[in-house]
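Coordinate inspection notes
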Amino acid sequence: MTEQKIRIKIKSFDHRLADQAVSQIVETVERTGAIAVGPVPLPTDIEKFCVIRSPNIDKDSREQFEIRTHKRLIDILQPTSKTIDALSQLNVASGVEIDIKL
């Protein structure tokens, strides 16, 4: 007998929005009777950009920007049909990407 598992990955540029989405998902999962394992914080991706400030005179002067992507991982053990329905109808803040794998 194989045990069914749902894996949810959450990505956001703002760590507070990611944590809010995680708490909503965990509350929903526990309310429907399934077991939530996590959230597991994954390493933050930092993407850096270096841009020349002025292309004419100040070629040595540069400006630096970065984008941080915060990621979380939640595993749901023993999901029911209620759990899947509740997760599909869950409203999270904009700016949060949720990837659900069965």
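See the structure shown above.
Residues numbered from 1 in each chain as written. Predicted model: local features only at pLDDT ≥ 70, side-chain atom pairs only at ≥ 80, totals over all residues. Heavy atoms only, no water.

Examining the pattern of salt bridges
Using the following cut-off: Salt bridge, as applied in this entry: a Lys or Arg side-chain nitrogen positioned within 4 Å of an Asp or Glu carboxyl oxygen. Each residue is assigned to one of three classes by its accessible area relative to the maximum for its type, calculated with a 1.4 Å probe on protein chains only: buried under 20%, partly exposed between the two thresholds, exposed over 50%. Numbering of helices and strands runs from the N terminus, with a helix taken as a DSSP run of H or I at least four residues long and a strand as a DSSP run of E at least two residues long.
Counted under the stated rule, the structure contains five salt bridges. Put simply, D14 and R16 hold a salt bridge, and the shortest N to O gap is 3.5 Å. Taking relative accessible area as the criterion, D14 reaches 23% and is therefore assigned partly exposed. In this structure, D19 and R72 form a salt bridge, with 3.1 Å as the shortest nitrogen-oxygen distance. Here D19, found in helix α1 (residues 15–31), pairs with R72, found in strand β3 (residues 62–77); they are 53 residues apart in sequence, far enough to count as distant.

Looking at the sheet that holds strand β2 (residues 35–52)
Condition: Note on pairing: two strands pair once DSSP finds at least 2 bridges between them. As a rule, the C-alpha atoms of each element are fitted with a line to give its axis, helices using only the stretch in contact, and angles between N-to-C directions run from 0 to 180 degrees. Any two residues having at least one pair of non-hydrogen atoms within 4.5 Å are treated as being in contact.
Across the sheet, which stays open at both edges, the four strands sit in the order β2-β3-β1-β4 with antiparallel pairing between neighbours. Two strands close off the open sheet at either side, each with one partner strand: β2 and β4 (96–101). For this sheet, the mean angle separating the axes of adjacent strands, direction not counted, is 15°. Note that strand β1 (residues 5–12) and β4 share six bridges and pair antiparallel. Bridge pairing links R7 to K101 in β4. Contacts from α1 reach β1, β2, β3 and β4, with the element oriented near 10° to β3.

Examining α1
The line we're drawing: Expected span of a helix, by definition, is 1.5 Å for each gap between consecutive residues, and there is one gap fewer than residues. By construction, the arc corresponds to the directions joining the helix axis to the C-beta atoms.
In this model α1 runs 24 Å from its N-terminal to its C-terminal C-alpha over 17 residues, within 8% of the 24 Å that 1.5 Å per residue would give. Buried residues of α1: A18, A21, V22, I25, V26, T28 and V29, and no others. Seen along its axis, α1 keeps its buried residues to an arc of 165°; they face one direction. Among the exposed residues of α1, those pointing more than 90 degrees away from its buried face are R16, E27, E30 and R31. Those residues of α1 that are buried lie in contact with β1, β2, β3, α2 (81–88) and β4. Backbone geometry just after α1 places G33 at a positive phi near 100°.

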